[in-house]
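The chain contents come next:
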Amino acid sequence: MRHILNTLLIVICILYPIKQIAQENTNLAPTPPMGFMTWNYFGVNIHEDDLKSLADALVESGLRDLGFNHIFIDDGWQGGRDNKNNMIPDPKKFPSGMKALVDYVHSKGLKIGIYSDAAQLTCAGYTASLGFEEQDAKTFAKWGFDYLKYDYCGAPSDWQTAIYRYEKMAKALRESGRDIVLGVCEWGDRQPWIWAKKAGGQLWRTTADIRDKWFSGQKNIKNSQVLHGKGAGILDILNINAELSDYAGPNGWNDPDMLVVGLYGKKGAPSSDLGGKGCTDVEYQSQMSLWCLMAAPLMITCDIRNMNDATKRILTNKEIIEIDQDPLGKQSKRLVNNNIWQIFVKPLSNGDVALGILNISDKEQIANVNVLDLGITGKKKVKDLWSKKTFSLNSSGNIKVKLASHETVVYRLTK
Ligand code: GLA
């Protein structure tokens, strides 16, 4: 009997750590996460009925099958804590409870994300997770969430505390019994690209919140903190995020914030303040192009239940999405950055290369680009991923293209 017990004990001792390791899935975000996020359209005015119809729309529009496979609930869902300190959703917004909504979203072949903050209150003033990390992580896991956006409003500004608080939540999520992706959201203020992956996050915001506009007019901004309160546009965010390509890769992505594509300056939405009057379709198409070249998480925020043709065309371009989701996971390098042009090169897993050319000037311009000068060699065929036109590359490697103000062309170059 004693012999059997000893053997059993030894087996348990060997198996337990193996089980622990097996539970730690370190491949939670091999490609940048994609989906619909509530913030820029709904703000805190979210409701389970809307979330269900948004899940339906992801499926019906074909967006889910193109990779947009999450509903991300942002701030405003919280209803405080119960008498055991368990977080509860606002009963008016979620009358059926969180589990029912999560089950509904899962039944549509989608995943679902939730939001909290590393302080006592969130950015919009709701109950947050400081001091309740383990308990909240377990609650999120019990409800069935797959993703947590973890914000940093109300927390101290030093790096050490930020790293500590994110590590704490990451550990709590790992131990929650469910695979939950952690999105770090401290807006790039403490250079999270240096520490967030090690702390246990799979992506990290690199800038202040995006507004529905092209540019704030602030030139040469290197530090995201300067952008707070100024209203960061697509170009502002691009100018910061484009320089961080060395830090991105599978399971650790630079997050330049949500797509504003299709919002058209929606009044009253968080993306409409600080000059967020909306963009042109050319600019929205540029955002989609540039975010995909930068291997960014793709979080749609317009009302996908009512997209116009232009929005649908921009968001459902399969070949552009493939650039974003390429398994090699390289963020493009910005090789040219002057008063007229920005040029991006992204190597792809099958040896192809994506090339993006953006005209940042306020006039139509003709680009004359030599791909050999950009270090792209051995390529013969070129496909324009927006017009779908293909052409052969001449031996000199020159590409000439006319681009409208703020337009981005994206080419895929093949052998
Ligand atoms: C911060 C974040 C936004 C959004 C709001 C919610 O500003 O950066 O993305 O989550 O909080 O209050």
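Structure shown above.
Note that the structure is predicted; figures quoted are calculated from it, not measured.

(A) The arrangement of the site of the ligand in detail. The environment of the ligand is made up of 13 residues, and the closest members are D74, D75, K149, D151 and D209. Out of a free accessible area of 310 Å², the ligand has 93% covered by protein chains. Among the residues forming the shell around the ligand, the class breakdown is seven nonpolar, no polar and six charged.

(B) Looking closely at the pairing of strand 15 (residues 381-384). Here strand 15 shows one buried face, formed by V382 and D384, and one open face, formed by K381 and K383. Where strand 15 meets strand 16 (residues 390-392), three bridges bridge the pair, whose relative direction is antiparallel. Bridging from a neighbouring strand, K381 pairs with S392 of strand 16. Between strand 15 and strand 16, which pair antiparallel one after the other, the connecting turn spans five residues, and K388 there sits at a positive phi close to 70°. The pairing of strand 15 with strand 18 (residues 408-414) spans four bridges and is antiparallel. In the sheet register, V382 faces strand 18, and the bridge partner there is L413.

(C) Structural view of the layout of surface pockets. Of the voids in this model, the largest pocket is the one considered here, and its volume is about 550 Å³. Along the walls of the largest pocket sit 28 residues, with K219, N220, I221, N239 and N337 positioned nearest its centre. For the lining of the largest pocket, the secondary structure elements donating two or more residues are helix 8 (234-241) and strand 11 (333-337). Considering every element that reaches the lining of the largest pocket, the biggest residue donor is helix 8, with three residues.

(D) Local environment of the packing of aromatic side chains. Going through the model one piece at a time under the given rule, you end up with 12 aromatic pairs. When the centroid spacing of 6.0 Å and the interplanar angle of 40° are considered together, the rings of Y166 and W195 count as tilted. Of this pair, Y166 sits in helix 6 (residues 159-174) while W195 sits in helix 7 (residues 192-199), and the two are 29 residues apart along the sequence. We note that Y166, like W195, is buried.

Procedures and definitions
- Residues numbered from 1 in each chain as written.
- Predicted model: local features only at pLDDT ≥ 70, side-chain atom pairs only at ≥ 80, totals over all residues.
- Heavy atoms only, no water.
- Near = heavy atom within 4 Å.
- Areas by Shrake-Rupley, 256 points an atom, 1.4 Å probe, with all protein chains shown as cover.
- Nonpolar A, V, L, I, M, F, W, Y, C, P; charged D, E, K, R; others polar.
- Buried < 20%, exposed > 50% of the residue type's maximum accessible area, 1.4 Å probe, protein only.
- Helix = DSSP H or I, 4+ residues; strand = E, 2+ residues; numbered from the N terminus.
- Pairing = 2+ DSSP bridges.
- 1 Å grid on protein atoms, 1.4 Å probe; cavity = no way out; pocket = protein on both sides within 12 Å on 5 of 7 lines; lining within 4 Å.
- Points joined across faces, edges and corners; volume = space filled by probe spheres on them.
- Phe/Tyr/Trp six-rings, centres within 6.5 Å; stacked < 30°, edge-to-face > 60°.

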